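Report on the structure
Next come the chains, spelled out residue by residue.
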Amino acid sequence: MRRIRAAFAAVLAIPGLLVISPVTASAASAPAVPAAPYNLLELDGGPGTSLMVEGQTLIDDNNTPGFTITPNGAGLTFTGPINPDTPDYWLYLQPPTGAQFQAATSYAVAGSADVTHASLAGAIGTSLSGTSGTLNVLEASYSGGSLTSFAATISFSNMGAPANPVKGELRFASTRPYIAGRSTVQQLFGEVPVGRHSSPKTITITGAGVTPDVLGTASLQNDPNGMFSITADTCSHATLAYGQTCTVSITAAPTQAESITASLVVPDQSFGGQRRSQLWATAVISTAGTYRPAGPLRILDTRKGLGASGAVGANKTINVKVAGAQGLPGSGMSAVVMNVTVTGATANSFLTVYPSGQARPTASNLNFVAGWTGANQVTVPIGPDGTVNFYNLTGSVHVIADVAGYYVTDGYPQIGYGYRPLAAPTRLLDTRSTHSLAAHEKITVMFDLGQFQYAGAAAVNITATGAQAPGFLTAWNGSPFAPEASTLNFTRGSTVANMATVPTGDCAFVFSDHSICGDHLHAAELTLQNFSSGPVDVIIDLMGEYDATQIPGGLRFRPVAPTRIVDSRTGLGLTSALAANTTGTVSVPAAIAGADSRALALNVTAVAPTKATYLTVWPSGSPRPTASNVNPAAGKTVPNSVAALLGGGAVNVYNAAGTTNVVVDVDGVFDHFAYAYPGVSGPDQTATVATTWIYRWP
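Cut-off values and rules
- Within every chain, residues take consecutive numbers counted from 1 along the sequence as written.
- Two thresholds apply to this predicted model, a pLDDT of at least 70 for residue-level local features and 80 or more for giving and counting side-chain atom pairs, whereas whole-chain, interface and lining totals are computed over all residues.
- Computation of side-chain values covers all heavy atoms of the structure but excludes hydrogens and water.
- To qualify as a helix, a DSSP run of H or I must reach at least 4 residues; to qualify as a strand, a run of E must reach at least 2; elements of each kind are numbered from the N terminus.
- Residue contacts are defined here by distance: any two heavy atoms, one from each residue, within 4.5 Å place the two residues in contact.
- Throughout this description, a polar contact denotes any pair of N or O atoms lying within 3.5 Å of each other; where both atoms belong to protein, one of them has to be capable of donating a hydrogen while the other can accept it, and for residues adjacent in sequence the pair is counted only when both atoms sit in side chains.
- When DSSP finds two or more bridges between a pair of strands, those strands are recorded as paired.
- Lines are fitted to the C-alpha atoms to define the axes, a helix being fitted only along its stretch in contact, and any angle between axes, read from their N-to-C directions, falls within 0 to 180 degrees.
- Here is the rule: rings of Phe, Tyr and Trp (six-membered ring for Trp) pair when centre to centre is within 6.5 Å. Planes less than 30 degrees apart are stacked, more than 60 are edge-to-face, and the remainder are tilted.
- A 1.4 Å probe rolled over the protein chains alone gives each residue an accessible area, and that area as a share of the maximum for its type sets the label: buried under 20%, exposed over 50%, partly exposed in between.

Our focus in this paragraph is the environment of tyrosine 291. Note on placement: tyrosine 291 falls in strand S22 (residues 291–301). Put simply, tyrosine 291 and alanine 335 are 44 residues apart on the chain and 9.4 Å apart in space, counted from C-alpha to C-alpha. Among all residues touching tyrosine 291, those that are not within four sequence positions of it are Val337, Ala404, Gly405, Tyr406, Tyr407, Gly416, Tyr417, Ala457, Thr501 and Tyr546. A polar contact is formed between the side chain of tyrosine 291 and the backbone oxygen of alanine 404, at a distance of 3.2 Å. Polar contacts involving the side chain of tyrosine 291 include one to the main-chain amide nitrogen of glycine 405, which spans 3.3 Å.

Listed below in structure tokens is the structure:
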């Protein structure tokens with residue numbers, strides 16, 4: 001007996017190709033065909049019949065314990081379980097008042113008998129009400145006023161729904177053969193992310209009639225938006241003898257968040273004329289590639305034995321736990337964004353951060369000289385065991401890693417923020433035009449993004465210049481106490497830039513005195529503090545922001561293993577070093593950036609420039625912005641993280657002075673996400689800063 005059950009699952013798969021099978025079907029271990037006499041209740045219901053037979057129900061004494069058909073006056077009573085735990089159906093069938101059923105006779109059916117109507121009453125999961133239809137009697141024998149054999153076909157509607165009548169076959173101690181089948185009544189796909197394909201679900205049809213059943217072409221019905229598709233099919237045009245099976249595999253691919261339904265229909269030669277299975281899925285917005293701010297949270301400090309103990313030696317790799325560390329989620333993270341700092345280096349070297357379980361790439365994340373303390377933002381996929389690797393080439397060096405946030409996978413319990421780049425960087429702060437940030441001074445920068453008022457984080461390039469003493473800057477969301485993390489480290493007189501993804505608060509959250517916010521209570525803000533014994537000038541350029549995903553146009557992050565696309569020293573990407581006041585155009589390989597790609601997470605390194613200079617990275621085909629991304633001194637090798645918009649699948653790199661080699665590594669891709677909440681749609685939108693202002697804390 002087939003059992004009607006609900007089983008939900010949320011799984012992903014790539015759809016396969018539709019395969020139409022030959023006209024044979026599985027006959028392995030097929031049971032023997034039932035012998036006469038036959039006892040049978042077989043009903044097929046279309047959609048909206050309000051009965052448990054919506055789909056198909058077949059109950060016979062060969063397969064159903066507890067199934068009984070008993071004479072009841074001149075009629076019959078059918079009872080038994082549709083669900084084995086309960087007697088889900090009972091049917092009373094009676095001829096017209098004062099009559100007996102006659103073979104080769106057609107009867108009008110109603111809820112109660114009269115001189116012109118046979119009656120059909122009872123319940124099939126739901127009580128029959130307002131029943132009307134036709135009973136065609138094929139065989140009827142009586143003894144002593146009670147039926148001794150009976151065969152009929154029946155077609156009836158319930159509760160006044162004639163568009164989708166229930167059709168079926170009835171047998172009692174009959175020698176009349178029949179065609180019937182069993183099929184999966186419903187297939188539940190569970191939650192399926194919008195824009196993705198579910199794993200295939202299988203509908204099975206089993207021959208259950210004395211006479212073999214010839215099937216027609218399987219098709220999907222009541223699916224106007226084409227959200228389901230058949231990926232494999234061994235049922236179309238198959239012939240099923242008793243016990244033989246065939247299957248149809250189906251995937252769900254919703255295009256917006258809603259409950260979706262459809263029917264798989266396979267025509268057959270039974271009286272009902274078809275095998276019908278209901279398909280159900282709940283479409284949900286994918287969480288994949290959205291960003292969740294965190295902290296910053298320190299997960300590694302080799303000076304203190306946090307995450308790993310002792311300086312990282314030459315040609316050594318340390319493995320550092322990310323998942324579950326310092327309150328981070330134990331699963332569901334695809335990539336982590338960290339500010340990685342090196343200090344106490346004993347030799348010129350570089351650091352490579354890469355996912356565990358993969359070969360170390362040729363890319364580097366930090367290049368440093370002996371004695372240097374500096375930082376760079378690193379975005380790296382997380383290995384399958386929840387860890388990442390840190391490799392040091394030569395000498396020994398201490399490493400500190402502060403997590404700024406992470407990107408999540410499908411199925412993460414909470415959706416994060418979508419990335420929205422600015423069309424061109426916007427300068428939020430430049431203390432050179434006012435006065436420097438004093439020793440230990442704290443400053444809050446506020447910026448109103450207009451409709452994008454639910455920013456959760458900001459992608460900013462922070463530059464320190466003209467420092468009177470060594471120190472570091474820390475940027476955070478304005479909570480009362482600065483976190484134990486550095487965003488940018490500087491020495492006296494140096495110019496140092498670092499890309500940072502900083503959690504933001506809103507103005508009203510930071511300031512109890514709302515007059516500071518004016519009419520911009522929900523303006524985004526970030527706070528910066530100078531941890532130095534002397535003043536320093538600070539420049540902050542806003543490159544993009546992460547906001548609520550209900551707003552159309554937010555990009556989703558797709559992590560890639562660190563991949564080098566430019567090394568001018570070898571002619572990769574750029575044929576030679578960049579001369580002064582020169583721009584090079586870098587085409588991004590199609591294997592990395594596809595048609596839906598809008599921006600890249602890059603690590604850009606200036607290698608040993610002949611003069612102090614700066615590099616600017618921006619989309620090809622657009623005017624060069626005034627902001628800089630990498631600020632190396634002469635002879636230094638300096639990296640910085642860059643979130644670069646693409647223009648025609650390419651980016652430009654500009655060198656201001658001297659000659660410098662350039663290295664570019666890709667850490668990930670920001671892709672267009674076409675699917676949003678019901679009623680929410682629109683093209684990619686870049687954020688625009690309506691107004692900015694600052695508050696210097698006393």
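On to the sheet that holds strand S28 (residues 387–392), then. Strand order in the open sheet formed by four strands is S23-S28-S25-S26, with antiparallel pairing between adjacent strands. The open sheet terminates on both sides in strands that have one partner only, identified here as strand S23 (316–321) and strand S26 (366–368). Averaged over neighbouring strand pairs, the angle between their axes works out to 20° when direction is ignored. Note that strand S25 (residues 349–355) and S26 share three bridges and pair antiparallel. Bridging from a neighbouring strand, serine 349 pairs with phenylalanine 368 of S26.

Attention shifts here to the packing of aromatic side chains. Taken as a whole, this structure holds 16 aromatic pairs when the rule is applied. Here tyrosine 291 and tyrosine 407 contribute two aromatic rings whose centre-to-centre distance is 5.1 Å and whose plane-to-plane angle is 55°, an arrangement assigned as tilted. Residue tyrosine 291 is located in strand S22, and its partner tyrosine 407 is located in strand S29 (residues 398–408); the two are separated by 116 residues in the primary sequence. Of the two residues, tyrosine 291 and tyrosine 407, both sit in the buried class. Put simply, the rings of Tyr291, Tyr407, Tyr419, Tyr546, Phe557 and Phe670 touch in pairs and so form one group of aromatic residues.

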